[in-house]
Amino acid sequence: MIKGVNFLLVFCAVFGCLLADSNYINGNITDLAKFIETENVSKTHSEDLNFSFNLIVRVNPQVFVNFTKLTSVNLDHNTEFKLNHENDPVLESSTLSAFSCNECKITKISSNTFSLLPELQILFLNSNGLTSIAPDAFKSNANLAKLSFKDNKLKELPENLVEGNLKLQVLHIDNNRLYNFPKARPILISKSLKIFTCNGCGITEIHMETLSKLPHLTTLHLQMNSISHMHELSFAETSQLHVINLESNNLTKPPVSILTEGTVLEELCLGGNPIEWTFESYEFYYKLSHNSCSIAVQTVATTTSTTPYLTTEKTDEIDNIAMAEVVNPTLLDALIATYLLVCVILESLLFAAISLYLARIVQTKSKDFDYSTSVINPSDIYKIN
């Protein structure tokens, strides 16, 4: 009898664990509330629910309100899924910490969209055709740590969008082709943001104010844009930057402004820019290389007629692993060798000029010139050992 009870307890525990992580992928689900009821999806054990690749169009925001242990919901690739109304909350849950809704049709985020998800920490809304985000969209999400809005149609971000989210560390807005840095104001105000990626957008210039309100930023990725100019004070307020990626832009000179006193920069990527090699450029790279900074740069810029498309999988690596250190020692050696060669040539020319000058002085003197008058002790000139 006891053995039977023990077996039943073990069975229930294993079954409960299986329920905790439930995948309902590609099941042609159209009515989520009805599916949960008919399939008896556990409201007391379910923690991670995956309903991606289905046919869900609309969801009652309270469908998960009684799920007491729910931590994540995945609605990716429900390509027609949208909010019931623009100002309606997407879901209500007191426990949900991660919500993914990639490749759906959430085109606007209002102040109410995530207002009933107080424990939300991670939010993915990639490839939705998203066009606007309300300034107070995340006022109810104090624990928010990571946001991703890749592959959308955003033209701008409210500068105070995440000002009150003091735990936010990562923000991705890659491949929003219409997005450009605003003039005369910061892109965002955040005392906690550490990683910001904006690859493959429409950025043409980094202004003095652009990064001025991101004091704890450590990683900045702006590759595959059209940046041709940076203000000399662009990085004045970002003293904690460790990684800067500016590959595949239109820069003609290196970002000298990053060489601030006490810089902690460890990696700078400038490949694919038509940089002009001047003495200022040599000096810049020389100083960085002696500051323990890894430099990745191509001497011949790669040019394309269209901006390459940066995949979501590629940029996701930034959060999980440190980028491999890319150093070009051959280039640095060539720069140093060129500098030394120029010094030797200049010294040789100076020596030759002095020699010619002295020879000309000697040739202009008459044959009867008394050289003994040029000796400190005239008698020395006649001494013979």
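Caption draft 1: Summary view of the pattern of salt bridges. Tallied over the entire structure, the rule returns 4 salt bridges. The closest approach of N and O atoms between K105 and E80, which form a salt bridge, is 3.1 Å. One end of the pair, K105, is in the loop between β4 (98-100) and β5 (108-109); the other, E80, is in the loop between β3 (72-74) and β4, with 25 residues separating them in the sequence.

Caption draft 2: Local environment of empty space enclosed by the protein. One pass over the full model with this rule turns up 2 cavities of 30 Å³ or more. In this structure, the second largest cavity encloses a volume near 40 Å³. Taken together, V59, P61, F81, K82, L83, N84, D88, P89 and V90 make up the lining of the second largest cavity. Among the residues making up the lining of the second largest cavity, the classes are represented as 6 nonpolar, 1 polar and 2 charged.

Caption draft 3: Representation of the side chain of T210. Mapped onto the fold, T210 is located in the loop between β11 (205-206) and β12 (219-221). Owing to a relative accessible area of 0%, T210 belongs among the buried residues under this scheme. Here H207 takes part through its backbone nitrogen, which lies 2.8 Å from a polar atom of the side chain of T210. With sequence-adjacent residues up to four places away left out, T210 is seen in contact with F181, R185, P186 and I187.

Caption draft 4: Quick look at unusual backbone geometry. Of note in the backbone geometry, N28 takes a positive phi value of approximately 60 degrees without being a glycine. Structurally, the position occupied by N28 is in the loop between β1 (21-23) and α2 (32-38). Relative accessible area serves as the criterion here: at 53%, N28 is assigned to the exposed category. Although it is not a glycine, N175 adopts a positive phi angle of roughly 60 degrees. The exposure class assigned to N175 is buried, which follows from its relative accessible area of 4%.

Caption draft 5: Quick peek at the packing of aromatic side chains. By the definition in use, this model includes 8 aromatic pairs. Judged by centre distance (5.3 Å) and plane angle (80 degrees), the rings of F64 and F67 are edge-to-face. A relative accessible area of 1% places F64 in the buried class. Residue classification places F67 among the buried positions, given a relative accessible area of 2%. These aromatic residues form a ring-pair network of at least three members: Y24, F35, F51, F64 and F67.

Calculation criteria
- Residues numbered from 1 in each chain as written.
- Predicted model: local features only at pLDDT ≥ 70, side-chain atom pairs only at ≥ 80, totals over all residues.
- Heavy atoms only, no water.
- Salt bridge = Lys/Arg side-chain N within 4 Å of Asp/Glu carboxyl O.
- Helix = DSSP H or I, 4+ residues; strand = E, 2+ residues; numbered from the N terminus.
- 1 Å grid on protein atoms, 1.4 Å probe; cavity = no way out; pocket = protein on both sides within 12 Å on 5 of 7 lines; lining within 4 Å.
- Points joined across faces, edges and corners; volume = space filled by probe spheres on them.
- Nonpolar A, V, L, I, M, F, W, Y, C, P; charged D, E, K, R; others polar.
- Buried < 20%, exposed > 50% of the residue type's maximum accessible area, 1.4 Å probe, protein only.
- Polar contact = N/O pair within 3.5 Å; in protein donor to acceptor, adjacent residues only side chain to side chain.
- Contact = heavy atoms within 4.5 Å.
- Phe/Tyr/Trp six-rings, centres within 6.5 Å; stacked < 30°, edge-to-face > 60°.

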